Amino acid sequence: MIRRAVIAGLLLAALSGCSTLDYYAHLAQGQYRLLAARQPITELLAAPSTDARLRARLQLALDARAFASDVLALPRNGSYTDYADVGRPWVLKNLFAAQAFSLEPVEQCFPIAGCVAYRGYYDAARADQEAARLKAEGYDVFIGDVPAFSTLGWFDDPVLNTMLRWDDDELIGTVFHELAHQRLYLPGDTAFNESFASFVEREGLRRWQAARGLPEAGSLRSVRAEQFIALMLRLRERLQAVYDSGQTDDAKRSAKAQAITTMRDEYRALRDGEWQGYAGYDDFVNGEINNAKLVPFGLYHALIPGFARLFEAAGRDLPAFYKAAEKLSKADPDARRQALETPTAPLP
């Protein structure tokens, strides 16, 4: 169990950052409670009282954890060998903010993680309060539920109950994704970090399925998710064109609303046609759509094609790919972004 003194030390170090004592104290308390709730998965597997479904899910997570190190060359440590139940369907609330005519996130800066495109809260009320403040100042805001996160190797991150809510691919992929952050993390570049981890997650799942003779990623759920992501990325492109135009603010506001209406029409055509009425994304689409809500799509998905090119250039060898990605992480930020965004740009 982690000692309070360790958390206190991290808190004191964090006070040199840009946020308040109260906010960091809430983070320290939340992290302490999470780590204190850990139980070794092997003990839970051996306990006769462990629910059969939970036992199966934890065994799968443990198998994915071993595969991550044995096959994907991801860090071998104590992360994801424990289990913790946080008593709710999310572990954190992430608050995203963006200006009315920009898809660039308002960044938050921290001593260890650097500047990131969101601010995390263990307390939902705190997130709501900050969102209301930012909205009153004219920002677009969005609060998203977070099922898992990485402490970048500072602690042994546990498998959480929040990670067990979805299907096998989602659970396995989350383990790969979070361990990828421990393998490579670039402070100050959220899009690089999240797209890198998302690519490793995809490639890891492909190899996992191949090793077990399972159908390659392409289940109906996966296909729908990819189509929905593509829909959101198209909306981002349309909005970026609007924001880059020389129109007045009123004209931009009207064009922004029209682009969102077009997206909703395209979604409903997809839902009622190819998806045969599947309405799993209705709540997202019918809710408020704004720049902040679109930020995660740019962070987690926009640079994946660039990392795919880097992977091919590395001969589809993961250790070589990691080295190339690490080299790219040290490049000038503009050159790094161009290398990942432009199909014809030279790679390291």
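Residues numbered from 1 in each chain as written. Predicted model: local features only at pLDDT ≥ 70, side-chain atom pairs only at ≥ 80, totals over all residues. Heavy atoms only, no water.

**Student:** What is the right way to read the overall build of the protein chain from this model?
**Tutor:** Broken down by element type, the protein chain carries 14 helices and 8 strands. Taken over C-alpha atoms, the radius of gyration comes to 21 Å for the protein chain, in line with the 20 Å a tight globule of 348 residues would show. By its C-alpha atoms, the protein chain is 65 × 50 × 45 Å across when sized along the principal axes. Evaluated residue by residue, the protein chain yields a buried proportion of 48% over its 348 residues. Of all intrachain contacts in the protein chain linking residues separated by at least 6 positions in sequence, the fraction that spans at least 24 positions is 74%. For the protein chain, the accessible area works out to roughly 16,500 Å², and carbon and sulfur atoms hold 52% of it. Counting 40 positive and 45 negative side-chain charges, the protein chain places the centres of these two groups 2 Å from one another. (Helix = DSSP H or I, 4+ residues; strand = E, 2+ residues; numbered from the N terminus. Rg over C-alpha atoms; globule rule 2.2 N^0.38 Å. Buried < 20%, exposed > 50% of the residue type's maximum accessible area, 1.4 Å probe, protein only. Contact = heavy atoms within 4.5 Å. Areas by Shrake-Rupley, 256 points an atom, 1.4 Å probe, with all protein chains shown as cover. Lys, Arg positive; Asp, Glu negative; His and termini not counted. Charge placed at Lys NZ, Arg CZ, Asp CG, Glu CD.)

**Student:** Is there a simple way to think about the environment of Asp 167 in this case?
**Tutor:** Within the fold, Asp 167 resides in the loop between strand E8 (159–160) and helix H6 (168–183). Apart from residues no more than four positions distant in its own chain, Asp 167 is found in contact with Arg 57 and Arg 221. One polar contact links the side chain of Asp 167 to the main-chain amide nitrogen of Asp 169, over a distance of 3.3 Å. (Polar contact = N/O pair within 3.5 Å; in protein donor to acceptor, adjacent residues only side chain to side chain.)

**Student:** Explain the nonpolar core here, please?
**Tutor:** What tends to happen in soluble globular proteins is that the nonpolar side chains get buried as a cluster. Counting residues in each nonpolar core, the largest one holds 76 residues, and the members touching the most others are Val 159, Phe 196, Phe 307 and Phe 321. Here the element with the most residues in this core is helix H7 (residues 190–211); it accounts for 8 residues. Apart from the residues within four sequence positions on either side, Val 159 is in contact with Ile 41, Leu 58, Ala 61, Tyr 80, Asp 82, Tyr 83, Ala 84 and Leu 164. In this structure, Leu 103, Met 232, Val 242 and Tyr 267 belong to the second largest nonpolar core, which totals 19 residues. (Core = buried A, V, L, I, M, F, W, Y, C linked by side-chain atoms within 4.5 Å.)

**Student:** Please explain the layout of surface pockets as it appears in this structure.
**Tutor:** One water molecule sets the probe size; rolling that probe over the atoms shows where empty space is left. There is about 690 Å³ of room inside the second largest pocket. What lines the second largest pocket is a set of 27 residues, and nearest its centre among them are Arg 236, Gly 298, Ala 302, Arg 337 and Glu 341. Broken down by secondary-structure element, the contributors of at least two residues to the lining of the second largest pocket are H7, helix H8 (220–244), helix H11 (291–300), helix H12 (304–313) and helix H14 (333–341). Residue contributions to the lining of the second largest pocket peak at 6 residues, all from H8. Partitioned by chemical class, the residues of the lining of the second largest pocket number 12 nonpolar, 5 polar and 10 charged. (1 Å grid on protein atoms, 1.4 Å probe; cavity = no way out; pocket = protein on both sides within 12 Å on 5 of 7 lines; lining within 4 Å. Points joined across faces, edges and corners; volume = space filled by probe spheres on them. Nonpolar A, V, L, I, M, F, W, Y, C, P; charged D, E, K, R; others polar.)

**Student:** What's the story with H6 in this structure? I'm lost.
**Tutor:** Since one α-helical turn is 3.6 residues long, residues separated by three or four positions face the same way. For H6, spanning 16 residues, the distance from its first C-alpha to its last is 23 Å, which sits close to the expected 22 Å at 1.5 Å a residue. With 13 of 16 residues buried, H6 lies mostly within the body of the structure. A distance of 3.3 Å separates the backbone nitrogen of Asp 169 from a side-chain oxygen at the start of H6, and that oxygen is part of Asp 167. (Expected span 1.5 Å × (residues − 1).)

**Student:** I would appreciate a short explanation of unusual backbone geometry in the present structure.
**Tutor:** Keep in mind that most residues, glycine aside, have a negative phi and that most peptide bonds are trans. The residue Ala 73 is not glycine, and still its phi comes out positive at about 55°. Along the chain, Ala 73 turns up in the loop between helix H4 (52–70) and strand E2 (82–84). The partly exposed category is assigned to Ala 73, whose relative accessible area is 31%. Non-glycine residue Tyr 80 carries a positive phi angle of around 65°. Within the fold, Tyr 80 resides in the loop between H4 and E2. Note on Tyr 80: relative accessible area 1%, which makes it buried.

**Student:** When you look at the packing of aromatic side chains in this model, what are you seeing that I'm missing?
**Tutor:** Aromatic ring pairs are defined here through the distance separating the ring centres and the angle between the ring planes. Counted according to the given criterion, the structure contains 28 aromatic pairs. Summarising the aromatic geometry, the rings of Phe 67 and Trp 208 are spaced 5.3 Å apart at their centres and angled 80° between planes, so their arrangement reads as edge-to-face. Of this pair, Phe 67 sits in helix H4 while Trp 208 sits in helix H7; the two residues are 141 residues apart in sequence, bridging distant segments of the chain. Residue Phe 67 is classed as buried on the basis of its relative accessible area of 7%. Residue class for Trp 208 comes out buried when judged on its relative accessible area of 4%. Summarising the aromatic geometry, the rings of Phe 321 and Tyr 322 are spaced 5.9 Å apart at their centres and angled 55° between planes, so their arrangement reads as tilted. You'll find Phe 321 and Tyr 322 in the same group, each marked buried. Site record: aromatic cluster; members linked through ring pairs are Phe 96, Tyr 118, Phe 142, Phe 228, Tyr 267, Trp 275, Tyr 278, Tyr 281, Phe 284 and Phe 297. It is Arg 224 that lies over the ring of Tyr 278; its NZ or CZ is 4.0 Å from the centre. (Phe/Tyr/Trp six-rings, centres within 6.5 Å; stacked < 30°, edge-to-face > 60°. Lys NZ or Arg CZ within 6 Å of the ring centre and 35° of its normal.)

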